[in-house]
Amino acid sequence: MKRTVLYLSCLAALASCSATKDESRSNRTSTAPVPHNSVVECILYDGMTKTSQQLSTISSGSEVQVMDTVDAHFLKVRVTANGKTQNGYMYRTCFGK
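The structure displayed is predicted, hence computed values, not measured ones.

**With respect to the state of the cysteines**
Applying the stated rule across the entire model yields 1 disulfide. Here C42 pairs with C94 through a disulfide, and the sulfurs are 1.8 Å apart. One disulfide, between C42 and C94, carries an S-S torsion of -110° and so falls in the left-handed class. Linking C42 in strand β2 (residues 42–45) with C94 in the segment after β6 (84–91), this pair joins segments that are 52 residues apart in sequence. The class for C42 is buried, based on a relative accessible area of 8%. Judged by relative accessible area, which is 1%, C94 ranks as buried.

Next comes the structure, spelled out in structure tokens:
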């Protein structure tokens, strides 16, 4: 009897955790790019490694549209500079908390 109750409570706990995760993903209000200002001068890369090609240098205070939080270290961003729009990746440390 005790094993059955323990087993059922474990299943209920797992089910509630997975249901909460599904609900939080479906409650996203916006998937559009969010504008942010860089706080330091940073480099826009074409990939998510330090050896990736550098697309441009973004000066501090420039507006950058964050499209996705791809990685623990990088953000996928869109930058418009000199009338030219570029998509790439920047370090998270380029932005304030």
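Having seen the model, we can carry on.
**Details of the side chain of S52**
Assignment of secondary structure puts S52 in the loop between β2 and β3 (54–58). S52 has contacts with Y45, D46 and G47, leaving out every residue within four places of it along the chain.

**So, the confidence of the model for the protein chain**
Taken as a whole, the protein chain shows an average pLDDT of 77; of its residues, 73% reach a score of 70 or greater. Mean pLDDT across the elements of the protein chain bottoms out in helix α1 (residues 2–26) (60) and peaks in β6 (90). A low-confidence stretch, residues 19–26 (pLDDT under 50), is modelled with 0 contacts involving residues beyond four sequence positions or located in other chains.

Cut-off values and rules
- Residues numbered from 1 in each chain as written.
- Predicted model: local features only at pLDDT ≥ 70, side-chain atom pairs only at ≥ 80, totals over all residues.
- Heavy atoms only, no water.
- Disulfide = S-S within 2.5 Å.
- Helix = DSSP H or I, 4+ residues; strand = E, 2+ residues; numbered from the N terminus.
- Buried < 20%, exposed > 50% of the residue type's maximum accessible area, 1.4 Å probe, protein only.
- Contact = heavy atoms within 4.5 Å.
- pLDDT = per-residue confidence, 0-100.

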